[in-house]
Structure formats: C-alpha cells, structure tokens
Amino acid sequence: MKTAQEIIRFSKTMSYALRHHPEEFGLELDADGSVAVSELLRGISEKKGKIYTEEDLNAAMEMPGKKRFIVEGSRIRAYYGHSIKKEVIRPEIEPPKFLYHATSRKALSAILEQGLSPMTRQHVHLASTKETALDAGRRRDPFPPLLIIRAHDAWRDGIRFFLGNEDIFLSDPIPPKYITVCLQHENSDKET
C-alpha cells in the first residue's frame, strides 16, 4: 500500500497525463478524452519506474477535494482542465441562469475589457457556486474578485457550455457583456 503522499503524487501525475501530455506516457486519448485504465496505469508505471495498480487509482479517486477524474467501464478521463491540442468532444448543455468565476485583482481590468478566455486550457472554467469559485480564486489572490456570469443569456446568444463535473461548467470564451463583478469585502458583497 502506498502512502498518502505517494497517492497525491500519483493523482497529480494522472492529471498531467490525462489533461496535458498523454504522449509522454505513451497514451492516445479518444475523442472524449478517455483512455483505458490499464493503459494509463501501464504508462505511468513505465514512466515513473514504479508499479501503480487499480487499488492506487481507487485511492486517488477517493481523496477529498475536487473530483478530477471519472471511470466509465474500463476507461478513465479527466473531467476538465485539458490543454492538449485536440479538442475533447463533450455534449453541450444548457447552463443555469448564473455561474461564477473568481480571478486575481491583477487580471480584473483585462477581463472586464476583453472577457474571460480559456488561456492555456480548452475552455473557460466556471463554478456552479460562489464558494467553489472563491476557493479556486484564492489560489492566485487571497481576496479574489468574484465574477457573476449571466450564463443562460450567453448560452441563448450562442456560447457553448459543457458540464465539467458536479461543481464546474466549461464554456467557450465569455464576452465582457455577460460579466458582473461582485467585490468581496469581509462580510459584505458589493456588485459593480
């Protein structure tokens, strides 16, 4: 049995392989971003020089926090976060009225001028709750501005949305006209 730290490193390696560089592990993802579990375990084991098993995979998937992977039958894929060149094919969905995104104060003016873009990823990541967005935003800024996205209006105007996982939606770039800023100041919310 591997230690918790080894499982965390294994989970990060799975993310890297399934989201960013499958070729480094001898993997080719299907159109939906999936690969056979056995191929993933073989590729990581060969690359790392250590045997990884389905027991390790299950331990990684049961870790607390964000759910990054899904196993469907004998295949596994990352829910979201892909930066590979080939677009992962996902079914489009109708989003809720509002979604959320927290950003750094440094990036705010550019977002308000140019909108949200996926940067190095295939899609913009939007949260279904304010709390989820703020948790993600705090990785870059201790007091991230919260952006309220009028997702349903954007969808009605032709912007595509996809489900990442139960907390994350993915979308095409979001123009500024669908974005409202809700600045977080300790216990009060102020919209601008």
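Reading guide: rules and limits
- Residues numbered from 1 in each chain as written.
- Predicted model: local features only at pLDDT ≥ 70, side-chain atom pairs only at ≥ 80, totals over all residues.
- Heavy atoms only, no water.
- 1 Å grid on protein atoms, 1.4 Å probe; cavity = no way out; pocket = protein on both sides within 12 Å on 5 of 7 lines; lining within 4 Å.
- Points joined across faces, edges and corners; volume = space filled by probe spheres on them.
- Helix = DSSP H or I, 4+ residues; strand = E, 2+ residues; numbered from the N terminus.
- Core = buried A, V, L, I, M, F, W, Y, C linked by side-chain atoms within 4.5 Å.
- Buried < 20%, exposed > 50% of the residue type's maximum accessible area, 1.4 Å probe, protein only.
- Arc of directions from axis to C-beta.
- pLDDT = per-residue confidence, 0-100.
- Contact = heavy atoms within 4.5 Å.
- Phe/Tyr/Trp six-rings, centres within 6.5 Å; stacked < 30°, edge-to-face > 60°.
- Lys NZ or Arg CZ within 6 Å of the ring centre and 35° of its normal.
- Pairing = 2+ DSSP bridges.
- Axes fitted to C-alpha atoms, helices over the stretch in contact; angles between N-to-C directions.
- Parallel < 35°, antiparallel > 145°, perpendicular 65-115°, else oblique.
- Nonpolar A, V, L, I, M, F, W, Y, C, P; charged D, E, K, R; others polar.

### Points about the layout of surface pockets
- Of the voids in this model, the largest pocket is the one considered here, and its volume is about 1,000 Å³.
- H101, A102, H125, R139 and R140 are, among the 36 residues lining the largest pocket, the residues nearest its centre.
- Only α1 (4-20), β4 (99-102), α4 (105-114), β5 (124-127) and α5 (130-137) provide two or more residues apiece to the lining of the largest pocket.

### With respect to the nonpolar core
- Judged by nonpolar contacts, the single largest core of 19 residues is most densely connected at F10, M14, L18, L40 and I76.
- Those elements that place two or more of their residues in this core are α1, α2 (37-48), α3 (54-61) and β3 (75-78).
- Considering each element in turn, this core owes the most residues, five residues, to α1.
- Residues I111, A151, A154 and F161 belong to the second largest nonpolar core, which totals 17 residues.

### A short note on α5
- Among all positions in α5, only A133, L134 and G137 are buried. Projected down its long axis, α5 carries its buried residues within an arc of 95°, all on one side. Away from the buried face of α5 by more than 90 degrees, exposed residues E131 and D135 are located.

### Some points on the confidence of the model for the chain
- Scored by pLDDT, the chain has a mean of 87; 91% of the residues are at 70 or more.
- Here strand β10 (residues 188-191) stands out as the least confident element of the chain, with mean pLDDT 44; helix α6 (residues 151-156) is the most confident, with 97.
- Here residues 185-192 is modelled with pLDDT under 50, and outside its nearest four sequence neighbours on either side it reaches 15 contacts, counting other chains as well.

### Some words on the packing of aromatic side chains
- Counting across every chain of the model gives two aromatic pairs.
- Ring geometry for Y16 and F25: centres 6.2 Å apart, planes at 75°, overall edge-to-face.
- Classification of F25 as buried rests on a relative accessible area of 5%.
- The ring centre of Y52 lies 5.0 Å from the NZ or CZ of K2, which sits over that ring.
- A cation over an aromatic ring shows up here: K47 above the ring of F25, its NZ or CZ 5.8 Å from the ring centre.

### What to know about the sheet that holds strand β1 (residues 34-36)
- Read from one edge to the other, the open sheet built from three strands follows the order β1-β3-β2, with strand pairing classed as antiparallel. Taken across any chain shown, the strands that pair with only one partner, and hence form the sheet edges, are β1 and β2 (69-72). Put simply, the sheet's adjacent strands are angled 30° from each other on average, direction ignored.
- Where β2 lies against β3, four bridges are found, and the strand directions are antiparallel. Bridging from a neighbouring strand, V71 pairs with I76 of β3.

### Remarks on the side chain of T103
- Mapped onto the elements of the fold, T103 is located in the loop between β4 and α4.
- Ignoring any residue separated from it by four or fewer positions in sequence, one finds T103 in contact with L108, I111, D141, P144, P145 and L147.

### Details of the packing of α1 against α3
- Following both chains from N to C, one finds α1 and α3 inclined at 90°, their axes separated by 9 Å at the closest point. By the angle class used here, α1 and α3 are roughly perpendicular. Residues I7, F10, S11 and M14 of α1 lie in contact with α3, whose contacting residues are D56, L57, A59 and A60.
- Residue composition of the contact of α1 with α3, grouped by class: six nonpolar, one polar and one charged.

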